Every structure is written in C-alpha cells, then in structure tokens.
Amino acid sequence: MNDLALFFKNKRVLVTGHTGFKGAWLAQVLSNWGANVAGVALPPHVTPNLCDIIGLGERVHNYFLDIRNYEELKAVFQKEQPEIVIHLAAQAIVRESYRDPLRTISVNTLGTAHVLEAIRATPSVKSAVLITTDKVYENKEWWYAYRETDRLGGRDPYSASKSSADIVIASYASSFFNAEKFGKDHHTLIATARAGNVIGGGDWSPDRLVPDFVRATFESGTSMRLRNPNSIRPWEYVLEPISGYLLLAKKMYEGDTRCVGAWNFGPHDESFVTAQQMLEKAVRMYGQGTYHVEPDDFAHESSLLKLDIAKAKSVLGWKPLLSLDQNLRFTLDWYRAYYGKKEDMRRFTDAQINSFFNQFKTI
C-alpha cells in the first residue's frame, strides 16, 4: 500500500462534486483506501455516468444538494465533521457557460464561497483543496507555460467564474486561514489546484473531445464532429491531478504551511498536442472511429494553453507518471471494457486505480 493510501485510511473526507466524472474517481480512490467519505453534489447529470456504474453511492455518505444553499451545506459539514475537504463541484462546460452565464457564475464563484464559509464554520477541517481550472489564467495564446503567479483572467463566462473563485479562495486564505497565524488563530490550511484537460473512463460530459469520440464511435457509429482541430491542450489522465490533490491535502493536514496558495498539476511536455493529433491517436489506438472537421463560431475558446508544474515538482515532490499514449490507453481501455459488457466495471476501475498508484511515488 502506498503512503497516500496509508495516510487516508480512516480519515474523514468530504468531497463536493462526487457525482461528476473527476469527483467519482476521487471518491472511489478514497473509499478503496478506507477513508470515511461524505459526498455533496447534485444527482448525476448525464446517463450513463461513472458514479452509478461503479455503485459509488453504496460506499459514500451521499448528500444531494446545491452548494449554493449555504444552510444545507453547513448542516452537512456540522454533521460529518470532515478533517479534509476537496472541492470539485462546478458547472464545468465552457459552452454551457455561454448558454447560462448567470448559473455558471453563481455555482462556480458563489458556490465556492459557500464551501469556504462552511469550512470556516467547521473547526474539524485541517486541510482543504479547492479545484479551479487551467483556464483561470489571462491567456495570451503563447508557448510560455503559465505559472501559479501569472495574472488571472477570463474571456468567457466559465473562465471568469473560475478566476473569480480563485480570487475568493485567496482572500479566505489571507483573511481567515493565514499561514502565518496557523497553530495560533486557526488550525486549517487551504490551497487552490489547477489541472489541464482531464481524460479517463466514465466521462460522458458534452462538448469534450474524448466523450464526443466515444459517443460517436461506440454508441451511434457516426463520424465525430471536431470543432477546434488546432487547439493545443494539456491532456492528462484523471488520476494524475487527483494524486496531486491528495498529496497536497496530506501535506497541509500535516501542517506544511508552504502548501498554502495555488498549484498547477499538468502533464509532461509531450502531452501538449492539438485536438486533432489527440483524436488521430485515439482512432489509431482503438482501430476504429472517424471524424470530420466542422468549425463553428458559437463561442470563443483559447487555441493554446500550457501549464508550468515546476512548483509542484520542487515543493511537493509530485510529477506526472504517464506518457500521452498511456493516458489515452488507460482511457480507451475503460470504454472498451464498458461497451464490451464483459467486465465488472467497479472491479475494472479499481484495477486501473491500483495499477496507477502502485507506480506512484514522490520524487
């Protein structure tokens, strides 16, 4: 068993957004390691979804509520008395933010403020990792990889909502969870985590490259529409950033005040490729599937975005494990097993978790 698994055994962990793609993987990891997991989220918004497929609700204390309802959220915190909080609940689709900007801003910014306020009202919380996105940076469309100290921005409602959440988190860290006053005025450390374009089995969210490919190839047998073939993204397997979130939470729980602030968790440099290059890899790797390029001008999306992960490497001792091909193979193997209907998907998911974390070690 790895050091992270040993640490999280019997810890009380509250995960917001546990019914979503990344949240379900995180909650499953923690459950497998013997943590006492409480999940706060809306019911799954797509069918199929990973949460139901692996029967996550059987092992997690489920609270289906909107994080914008502060009194209900606070009541869950008071009941569960979490030691560690990992906040993932969000409206996470860029194009949806154009269709409903007010909801996106309300959920992502005000909802994050509610989570922070619930943490402040719950002294049992020792560490909290709040997830935003790589899109919080003021994107100048250059090859320079963005560092945690670079200026925040947001041309679209989603990016703006997440940048705003990032600022709110920093304000709480300064005002209520100041690292210099840790152990005197309070006993809680909080941090922000930013990841790239996360892929993995069990994602059926709309307007995402791999889920769109999966739906077209495995379900409808049609050609997939590729809207932005030249957009370069930091593609990474879902357990890569999750390992970073967990390591960050552990170190803050142990009182490492260096961990307060913002952190990038991105892939190796080789994983910064265009959407079309990524899709061509998927077609070759799976041996089937087609696509056609059909741009639209529905919404602005950045064409180039890179993350600098030097801080996570040097301070946390974290680094990505997998190559781009390995990222994609883990992902497509999961969908192949699911659509082949020959696998117990909870067991298959656990096997991927074990395979990944058996390799995990800090540098």
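Notes on the structure in this doc start here. None of the values given here were measured: they were computed from a predicted structure. (Residues numbered from 1 in each chain as written. Predicted model: local features only at pLDDT ≥ 70, side-chain atom pairs only at ≥ 80, totals over all residues. Heavy atoms only, no water.)

### Comments concerning helix H9 (residues 239-253)
Right, on to step 1. For H9, built from 15 residues, the straight-helix expectation of 21 Å at 1.5 Å per residue is met to within 8% by its first-to-last C-alpha distance of 21 Å.
Right, on to step 2. Positive backbone phi, at 95 degrees, marks glycine 255, one or two positions downstream of H9. (Helix = DSSP H or I, 4+ residues; strand = E, 2+ residues; numbered from the N terminus. Expected span 1.5 Å × (residues − 1).)

### Quick notes on the packing of aromatic side chains
Right, on to step 1. Using the criterion set out here, one finds 22 aromatic pairs in the structure.
Right, on to step 2. A ring pair is formed by tryptophan 204 and tyrosine 335, whose centres lie 5.6 Å apart and whose planes are at 90 degrees; its orientation type is edge-to-face. Here the residue tryptophan 204 occupies a position in the loop between strand E7 (197-199) and helix H8 (209-220), and tyrosine 335 occupies one in helix H12 (residues 324-340), the gap between them amounting to 131 residues.
Right, on to step 3. The exposure class of tyrosine 335 is buried, given its relative accessible area of 0%.
Right, on to step 4. With 5.0 Å between their ring centres and 85 degrees between their planes, phenylalanine 265 and tryptophan 318 make a pair best called edge-to-face. With phenylalanine 265 in strand E10 (residues 261-265) and tryptophan 318 in the loop between helix H11 (310-316) and H12, this pair connects stretches of sequence that are 53 residues apart. (Phe/Tyr/Trp six-rings, centres within 6.5 Å; stacked < 30°, edge-to-face > 60°. Buried < 20%, exposed > 50% of the residue type's maximum accessible area, 1.4 Å probe, protein only.)

### Looking at unusual backbone geometry
Right, on to step 1. With an omega of 0 degrees, the peptide bond between threonine 47 and proline 48 qualifies as cis.
Right, on to step 2. By the element assignment, proline 48 lies in the loop between strand E2 (36-41) and helix H3 (50-53).
Right, on to step 3. Unlike most non-glycine residues, asparagine 10 shows phi in positive territory, near 70 degrees.
Right, on to step 4. By the element assignment, asparagine 10 lies in the loop between helix H1 (3-8) and strand E1 (12-16).
Right, on to step 5. What makes asparagine 10 exposed here is its relative accessible area of 52%.

### What about the pairing of E2?
Right, on to step 1. Along E2, 5 of the 6 residues are buried, which leaves the element largely enclosed by surrounding structure.
Right, on to step 2. For E1 and E2, the ladder comprises 5 bridges, and the chain directions are parallel. Residue pairing in the sheet places valine 13 in a bridge with valine 37 of E2.
Right, on to step 3. The pairing of E2 with strand E3 (residues 61-64) spans 4 bridges and is parallel. Counterpart to glycine 39 in the pairing with E3 is asparagine 62. (Pairing = 2+ DSSP bridges.)

In short, shape yes, function no, at least from these values alone.
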